[in-house]
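Geometric and topological summary
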Amino acid sequence: MEIDVLGICRSFGFEKDPLKIEGISVGHINATYHLWFEEGEFILQRVNTSIFTRPEEMMDNIELILKEIPVLFLKKTKDGKTWVKNDSGFWRIMNFVGNSMSYQKMSTPEQAYKMGSSMKEFHNTLKKVDASKLYETLPDFHNMVWRYENFYKALEFNYQNRKETCRNEIEFLLENRERGAVISKLYNAGHLRKWVTHNDTKLNNVLFDRDTGNYLTFIDLDTVMPGTVLFDVGDMIRTSCSTADEDEKDLAKVSFSMDFYNALMKGYLENNCGLDELERALIPECGRTLTQIMAVRFLTDYLNGDTYYRIDYPDHNLVRTRTQVKQIQEMDRYFKAPDFSSMPL
Ligand code: ADP
Ligand code: GN1
Ligand code: MG
């Protein structure tokens, strides 16, 4: 479908055409464009409405959260809405945070330390948001039990006849099912506190200052909703302590960096991050769990014929699964399973 970018910009009140438009291909979910106008730079996004089926509610969430984030704002239409819906989709525009950068993978412990302290700062920001006013954008998003139900359905259906190509990964995930579900079960039973959490805290969803490397803001706020803080800490560990890209084909390059981990957690834990005893006891297990949930989700999508994540080649989701499995195996070289018998399971 032909996308009428100029028409969309008009609906958001821009009187002139953008000077330049560039696509950004980093995220797996939305379609993102960088726009240059005389008055500044903006991010135009088409929300993936097959995933976010109630996008208006999601935008209300984001509007509420942005009250606490001064560096980000949504452009409004002439009738005061934060979005435009037309034949080509559901669109929103926010300011492009200038002089910013995001990392695809971690390169130094100093960066890891900054990522950890940024996460803590963002959690402190989210503490100011009234959780009761937030919609649950994607129910069960980090519920491992539900993710496994979907995985089983995909295995049973085997729609693309791909099961044979991923026997080892399937076996690994089946063996690890119970352990991976511990945090979800504790949360679902009310033993882990409900915070307002981001729920997609991968490294490239954070903007840092290009010159100083200092924290500017978390972006990709689509999944902010109630959750346990361990979901966020876990995905931060998953993406910040890997020595390789999420879709690295050469598994020899995929390992877990203890240097990054120590710096990351120092940044997060120092100066009172507010975790309680049970939450603390589940670090780094939450890193393992979030890596596992991603393995399950990537493999489910691979078996289903790649309907969820954007892919660049046919077995992209399988490659992503393999890096996650390798990463779990690497983590297991450093950390023992916590003593689950002392937990209220
Ligand atoms: P997705 O949901 O598809 O991951 P994101 O909202 O994370 O989409 O945006 C994709 C990428 O676009 C980000 O990783 C970042 O590089 C860039 N980006 C998004 N929003 C902004 C912004 N407000 N300022 C600067 N860069 C941004
Ligand atoms: C997706 O939108 P993006 O690319 O930042 C996904 C996350 C996964 C991540 C894996 C809404 O994040 O849950 O952890 O890919 N977002 C959604 O890279 O499913
Ligand atoms: Mg993103």
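Structure's up top.
Read on for an overview of the structure. (Residues numbered from 1 in each chain as written. Chains lettered and ligands numbered in written order. Predicted model: local features only at pLDDT ≥ 70, side-chain atom pairs only at ≥ 80, totals over all residues. Heavy atoms only, no water.)

1. Things to note about the site of ligand 2
What surrounds ligand 2 is a group of 17 residues, the closest being His28, Lys202, Glu246, Arg297 and Tyr308. Within the side chain of glutamate 246, one N or O atom sits 2.7 Å away from an oxygen atom of ligand 2. Side-chain polar atom of arginine 297 to an oxygen atom of ligand 2: 2.8 Å apart, as the coordinates give it. For ligand 2, whose unbound accessible area comes to 440 Å², protein coverage reaches 97%. A breakdown of the residues in the shell around ligand 2 according to their chemical character gives seven nonpolar, four polar and six charged. (Near = heavy atom within 4 Å. Polar contact = N/O pair within 3.5 Å; in protein donor to acceptor, adjacent residues only side chain to side chain. Areas by Shrake-Rupley, 256 points an atom, 1.4 Å probe, with all protein chains shown as cover. Nonpolar A, V, L, I, M, F, W, Y, C, P; charged D, E, K, R; others polar.)

2. Overview of helix α2 (residues 55-66)
A rise of 1.5 Å per residue sets the reference length of α2, with its twelve residues, at 16 Å; its end C-alpha atoms lie 16 Å apart and thus fit the reference within 8%. By the burial criterion, the buried members of α2 are Pro55, Met58, Met59, Asn61, Ile62, Leu64, Ile65 and Leu66. If you follow the buried residues of α2, they end up packed against β3 (40-47), β5 (89-95) and α3 (109-126). (Helix = DSSP H or I, 4+ residues; strand = E, 2+ residues; numbered from the N terminus. Expected span 1.5 Å × (residues − 1). Buried < 20%, exposed > 50% of the residue type's maximum accessible area, 1.4 Å probe, protein only. Contact = heavy atoms within 4.5 Å.)

3. Things to note about the site of ligand 1
What surrounds ligand 1 is a group of 21 residues, the closest being Asn30, Gln45, Asn95, Val97 and Asp220. A distance of 3.4 Å separates an oxygen atom of ligand 1 from a polar atom in the backbone of isoleucine 29. Within the backbone of asparagine 30, an N or O atom sits 2.9 Å from an oxygen atom of ligand 1. Expressed as a share of its isolated accessible area of 550 Å², the protein-covered part of ligand 1 is 95%. Of all the elements in the fold, those that place two or more residues in the shell around ligand 1 are β3 and β5. Within the shell around ligand 1, the residues separate by chemical class into ten nonpolar, ten polar and one charged.

4. Describing the side chain of glutamine 292
Relative to the helices and strands, glutamine 292 is located in helix α11 (residues 285-304). In this structure, glutamine 292 is in contact with Met144, Tyr148, Leu173, Asn176, Arg177, Gly180 and Ile328, ignoring residues within four places of it in sequence.

5. Re the packing of aromatic side chains
By the definition in use, this model includes 20 aromatic pairs. Note on phenylalanine 37 and phenylalanine 42: the rings are 5.9 Å apart at their centroids and 75° apart in plane angle, and the pair reads as edge-to-face. Residue phenylalanine 37 shares its accessibility class with phenylalanine 42, and that shared class is buried. The aromatic ring of tryptophan 36 is capped on one face by lysine 20, whose charged end is 4.2 Å from the ring centroid. In this structure, lysine 249 packs its charged tip against the face of tyrosine 313, placed 4.2 Å from the ring centre. (Phe/Tyr/Trp six-rings, centres within 6.5 Å; stacked < 30°, edge-to-face > 60°. Lys NZ or Arg CZ within 6 Å of the ring centre and 35° of its normal.)

6. Digging into the sheet that holds β3
One open sheet accounts for five strands, arranged β1-β2-β3-β5-β4; its pairing is antiparallel. Strand pairing shows two members of the sheet lacking a second neighbour, β1 (20-24) and β4 (84-86), which therefore form its edges. Taking each pair of neighbouring strands and ignoring which way they run, the sheet shows an average axis angle of 25°. Here three bridges tie β4 to β5, and the two strands are oriented antiparallel to one another. By the bridge assignment for β5, lysine 85 is matched with phenylalanine 90. (Pairing = 2+ DSSP bridges. Axes fitted to C-alpha atoms, helices over the stretch in contact; angles between N-to-C directions.)

7. Some details on the coordination of the magnesium ion (ligand 3)
Looking at the metal site, the magnesium ion (ligand 3) is ligated by Asn205 (OD1) and Asp220 (OD), spaced 2.2 Å from it. One end of the pair, asparagine 205, is in the loop between β7 (195-197) and β8 (206-209); the other, aspartate 220, is in the loop between β9 (215-218) and β10 (225-227), with 15 residues separating them in the sequence. Under the relative-accessibility criterion, asparagine 205 is labelled buried at 4%. Accessibility expressed as a relative area gives 27% for aspartate 220, which makes it partly exposed. (Donors = N, O, S within 2.8 Å, 3.2 Å for Na, K, Ca; no water.)

8. Quick look at the packing of helix α4 (residues 144-157) against helix α5 (residues 167-175)
Axis separation between α4 and α5 bottoms out at 12 Å; the angle between their running directions is 145°. As for how α4 packs across α5, the hand of that crossing is left-handed. Only Ile170, Leu173 and Leu174 of α5 make contact with α4, whose side of the interface consists of Tyr148, Phe151, Tyr152 and Leu155. When grouped by side-chain class, the residues that make up the contact of α4 with α5 number seven nonpolar, no polar and no charged. (Left-handed = near helix turned anticlockwise from the far one by under 90°.)

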